[in-house]
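Chain residues, written in single-letter form:
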Amino acid sequence: MASLENSILAALQGILQELTWQKSVEYEKIKLLSTDFREHELPGIQFYDSGRSIAHVQGRIEVDWNITIEILMKRTSTDVVDQGILLDRTEEAYG
């Protein structure tokens, strides 16, 4: 049985795959360098668990979970890197 966190990440992947401009969405195999991405994967989105904080509040535990979402763009033969396009894509991904 998958953990709650893994189920949430899988559901987020499904939502982000519905965007019209991305060519790849990944949360399991995170790439660290821009050179790790091939042209057919861009523009793309990757996201990952970036930590959590736990607080004890009135006899219960409150957890804040942070997920980092990265939009990856690189000039390719079919896509132009433009600050305006990045801002629009960010709004669409987070909206």
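Above this text sits the structure in question.
Residues numbered from 1 in each chain as written. Predicted model: local features only at pLDDT ≥ 70, side-chain atom pairs only at ≥ 80, totals over all residues. Heavy atoms only, no water.

**Observations regarding the sheet that holds strand β1 (residues 24-26)**
Strand pairing within a sheet occurs via backbone hydrogen bonds; the two strands may be parallel or antiparallel. We apply this condition: Only when DSSP finds a minimum of two bridges between them are two strands counted as paired. By definition, any uninterrupted DSSP run of H or I lasting at least four residues is a helix, any uninterrupted run of E lasting at least two residues is a strand, and each is numbered from the N terminus. Axes here refer to lines fitted to C-alpha atoms; in helices the fit is confined to the stretch in contact. Angles between the N-to-C directions go from 0 to 180 degrees.
On the basis of which strands lie adjacent, the open sheet formed by three strands has the order β1-β2-β3 and mixed pairing. On the outer flanks of this sheet lie β1 and β3 (60-72), each paired with one strand and no other. When strand polarity is set aside, the average angle formed by the axes of neighbouring strands in this sheet is 25 degrees. Sheet analysis places strand β2 (residues 44-57) next to β3, joined by 12 bridges and oriented antiparallel.

**A short note on the pattern of salt bridges**
Keep this limit in mind: Any carboxyl oxygen of Asp or Glu within 4 Å of a side-chain nitrogen of Lys or Arg constitutes a salt bridge here. Here's how the labels work: a residue is buried when its accessible area is under 20% of the maximum for its type, exposed when over 50%, partly exposed in between, all with a 1.4 Å probe on protein chains only.
In total, this model carries four salt bridges according to the counting rule given. Between Lys-31 and Glu-41 there is a salt bridge, with its nearest N and O atoms 2.6 Å apart. Here Lys-31 is found in the loop between β1 and β2, whereas its partner Glu-41 is found in the loop between β1 and β2, with 10 residues between them in sequence. With a relative accessible area of 23%, Lys-31 lands in the partly exposed category. Of the residues examined, Glu-41 reaches a relative accessible area of 17% and is grouped as buried. Note that Arg-52 is salt-bridged to Asp-49, the shortest N-O span being 2.8 Å. What makes Arg-52 partly exposed here is its relative accessible area of 39%. Where salt bridges share partners, they join Glu-5, Asp-49 and Arg-52 into one cluster.

**Let's talk about the environment of Thr-90**
Note the cut-off: Nitrogen and oxygen atoms within 3.5 Å of one another constitute a polar contact, given that in protein one can donate a hydrogen and the other can accept it, and given that sequence-neighbouring residues count only through two side-chain atoms.
With respect to the secondary-structure elements, Thr-90 resides in helix α2 (residues 83-94). Judged by its relative accessible area of 23%, Thr-90 falls in the partly exposed class. Through-space distance from the C-alpha of Thr-90 to that of Ile-71 is 7.2 Å; in sequence the pair is 19 residues apart. Engagement of the side chain of Thr-90 in a polar contact is seen with the backbone oxygen of Leu-86, the distance being 2.8 Å.

**A word on the pairing of β2**
Two faces belong to every sheet, and in a regular strand the side chains alternate between them. When β1 meets β2, the two strands line up parallel, connected through three bridges. Each bridged residue has a counterpart across the sheet, and for Glu-26 the counterpart in β2 is Gln-46. Following β2, the chain reverses through two residues before pairing antiparallel with β3; Gln-58 in that reversal takes a positive phi of roughly 45 degrees.

**Notes on a nonpolar patch on the surface**
For clarity, the threshold we go by: Surface patches are defined over residues having more than 30% relative accessible area and no salt bridge, joining like charges when they lie within 9 Å and nonpolar side chains (Val, Leu, Ile, Met, Phe, Trp, Tyr) when within 5 Å. Throughout, the Shrake-Rupley method with a 1.4 Å probe supplies accessible areas, and for residues the shown protein chains are the sole cover considered.
Together, Ile-54, Ile-61 and Val-63 give the surface a local cluster of nonpolar side chains, amounting to about 290 Å² of exposed area. Mapped onto the elements of the fold, Ile-54 is located in strand β2.

**Concerning unusual backbone geometry**
With the exception of glycine, the majority of residues adopt a negative phi angle, and the majority of peptide bonds are in the trans configuration. The amide bond that connects Leu-42 to the next residue, Pro-43, takes the cis arrangement and shows omega of 0 degrees. Among the secondary structure elements, Pro-43 is positioned in the loop between β1 and β2. The phi dihedral of Gln-58 is positive, around 45 degrees, even though this residue is not glycine. Here Gln-58 shows up in the loop between β2 and β3.

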